[in-house]
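Next come the chains, spelled out residue by residue.
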Number of protein chains: 2
Amino acid sequence: MSITIGEVTIGEAARLSGVKVNTIRFYEDRGLLPAPPRSDGNQRLYGDDHVARLRFIRHARDLGFPLPEVAELLDLAHRPEAPCDAADAIARRQLAEVQRRISQLQSLAGELERMIGFCAHDRVATCRILETLADHALCATDHHAGRDATSDVAIGTASHAGP
Amino acid sequence: MSITIGEVTIGEAARLSGVKVNTIRFYEDRGLLPAPPRSDGNQRLYGDDHVARLRFIRHARDLGFPLPEVAELLDLAHRPEAPCDAADAIARRQLAEVQRRISQLQSLAGELERMIGFCAHDRVATCRILETLADHALCATDHHAGRDATSDVAIGTASHAGP
DNA sequence: CTTGCAGCTACAGCGACTGTAGATGTTACG
DNA sequence: CGTAACATCTACAGTCGCTGTAGCTGCAAG
Ligand SMILES: [Zn+2]
Ligand SMILES: [Zn+2]
Ligand SMILES: [Zn+2]
Ligand SMILES: [Zn+2]
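Figured I'd write up the structure that's included with this text. Source: prediction; values computed, not measured.

Within the protein, H59 of chain A (NE2), H136 of chain B (ND1), C139 of chain B (SG) and H143 of chain B (NE2) serve as the donor atoms for the zinc ion (ligand 4), at 1.9 to 2.3 Å. Considering all 4 donor atoms around the zinc ion (ligand 4), angles at the metal cover 103 to 119 degrees and the coordination shape is tetrahedral. Here H59 of chain A is found in helix α3 (residues 48-62), whereas its partner H136 of chain B is found in the segment after α6 (128-134) on a different chain.

Turning next to the interface of chain B and chain A. Each partner contributes residues to the interface: chain B has 68 residues there, and chain A has 68 residues. Summing both sides of the interface, chain B and chain A together bury roughly 5600 Å²; the carbon and sulfur share of this comes to 70%. A per-residue breakdown of the area chain B buries against chain A is headed by L63, V124 and L133 of chain B, which together make up 11% of the total. The tally of links between chain B and chain A comes to 2 salt bridges.

Attention shifts here to the protein's contact with DNA strand C. As a matter of local geometry, DNA strand C sits amid 21 residues, with T9, R25 and R44 of chain A together with N22 and R61 of chain B nearest to it. Close to the protein, within 4 Å, the atoms of DNA strand C are drawn from sugar and phosphate at a rate of 85%. The separation between a phosphate oxygen of DNA strand C and a polar main-chain atom of G11 of chain A is 2.9 Å. Elements with a minimum of two residues in the surface near DNA strand C: α1 (10-17) of chain A together with α2 (21-29) and α4 (67-77) of chain B. Ranked by the residues each element gives to the surface near DNA strand C, the list is headed by α2 of chain B, at 4 residues.

Turning to the relation of the copies chain B and chain A, a few remarks are in order. Overlay of chain B on chain A (RMSD 0.1 Å): rotation 180 degrees, translation along the axis 0.0 Å. Between the two chains, the operation in question is that of a two-fold axis. Mapped onto chain A, 100% of the interface residues of chain B are again interface residues, and the two copies thus contact each other with one and the same surface.

Glancing now at the protein's contact with DNA strand D. Taken together, 20 residues sit near DNA strand D, with N22 and R61 of chain A together with T9, R25 and R44 of chain B positioned nearest. Among atoms of DNA strand D positioned within 4 Å of the protein, sugar and phosphate together represent 83%. Take G41 of chain A: an N or O atom from its main chain is 3.1 Å from a phosphate oxygen of DNA strand D. One of the side-chain nitrogen or oxygen atoms of R25 of chain B is found 2.5 Å away from a phosphate oxygen of DNA strand D. Looking at the surface near DNA strand D, the element that brings in the most residues is helix α2 (residues 21-30) of chain A, giving 4 residues. Here the residues of the surface near DNA strand D sort into 5 nonpolar, 9 polar and 6 charged.

We now examine the pattern of salt bridges. Taken as a whole, this structure holds 16 salt bridges over all chains when the rule is applied. Where R100 of chain B meets E97 of chain B, a salt bridge forms, and the shortest distance between an N and an O atom there is 3.1 Å. Of this pair, R100 of chain B and E97 of chain B both sit in helix α5 (residues 85-118), 3 residues apart, which is roughly one turn of that helix. Three or more residues joined by partner-sharing salt bridges are found here, namely E97, R100 and R101 of chain A.

Attention shifts here to the environment of R25 of chain A. Residue and element names in this part refer to chain A. Along the chain, the position of R25 falls in helix α2. For R25 and A35, which are 10 residues apart along the polypeptide, the C-alpha to C-alpha distance reads 8.9 Å. Residue contacts for R25: discarding those within four places in its chain leaves I10 and R44.

Quick notes on the rules
- Residues numbered from 1 in each chain as written.
- Chains lettered and ligands numbered in written order.
- Predicted model: local features only at pLDDT ≥ 70, side-chain atom pairs only at ≥ 80, totals over all residues.
- Heavy atoms only, no water.
- Donors = N, O, S within 2.8 Å, 3.2 Å for Na, K, Ca; no water.
- Tetrahedral: all angles 85-135°; square planar, octahedral: opposite > 155°, others 65-115°.
- Helix = DSSP H or I, 4+ residues; strand = E, 2+ residues; numbered from the N terminus.
- Contact = heavy atoms within 4.5 Å.
- Buried area = accessible area lost by both parts, 1.4 Å probe.
- Salt bridge = Lys/Arg side-chain N within 4 Å of Asp/Glu carboxyl O.
- Near = heavy atom within 4 Å.
- Polar contact = N/O pair within 3.5 Å; in protein donor to acceptor, adjacent residues only side chain to side chain.
- Least-squares fit on C-alpha atoms with pLDDT ≥ 70 in both.
- Nonpolar A, V, L, I, M, F, W, Y, C, P; charged D, E, K, R; others polar.

Written as structure tokens, this is what we have:
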């Protein structure tokens, strides 16, 4: 029975939230997680609210929201009486972004399938894959990577199920 | 009429290949593009072979191949009599990777659609989007971001069509 | 009282560039 | 020939979202 209920070390918070220790400190640095009180020995002590916040961040990251949007969503979540339009808008933007990336990747996949399909598995000199890489005119579609079209959506650290 | 035909500056090479000037120097640094001869004034002079190589790199990057695979593919392309199995294998790996990312993103999109669909557009306190972010148990699927599942496939600098 | 793990700060590194500063080179115009 | 405008040079910082390391200190158990 400690002095206050629910005060846990950073390691415990990591286990409870699925966010790695280093990442928790990183989020604090980034302003996503408020700096918690410290013990006599200068160690961070987290309460349930911090852990809940970490879980929220983790889940939003898993869904691909970038950190600035996660911060916005966290702010919104603390204004219960406000309308939720802003949150909806962020989610819709994120969905649109994910869909954009899906279609970009589908066009890449199609092009890759095509060049693999045309390859006769012979010598390099006649390999359709290498020919195609040397000349985009052999491609069926544009599949151009329009400015971060296929960049990261969510990297995640591990699964919700833990390591 | 210059001393040798087809010797172009880095800016010309950039225009001809669609690879940015800085990026060309970056590729040289990374060993993807051999260091070209220099002019009297120490400026790089590229021939058609360099430009072709740059185009190859550009195209492979647009298709999402990471730089190490691009390097392998370039090496292979210079051994015309070798069998093309290795190139095929790289392309297949890349396709598998792209497909993995597509399905990851599709699961994200599904989850995002679900939470957006359930939102009643009322107050934050009852917003399904924020509730869901706070609790993964409200999600229909796992959609976990398994170690770089959704990370970048190709960022690209601009389209083949130019800027 | 020591051992060993957990936590602390601070910083380097990933991938694949992009952008900048400050110094030269080159070219066009007058 | 001078000079202005632009291209290129090197070298390095910054992007994103972490991850991992080094070198400390703290803390509980034997
Ligand atoms: Zn082949
Ligand atoms: Zn193509
Ligand atoms: Zn809502
Ligand atoms: Zn979820």
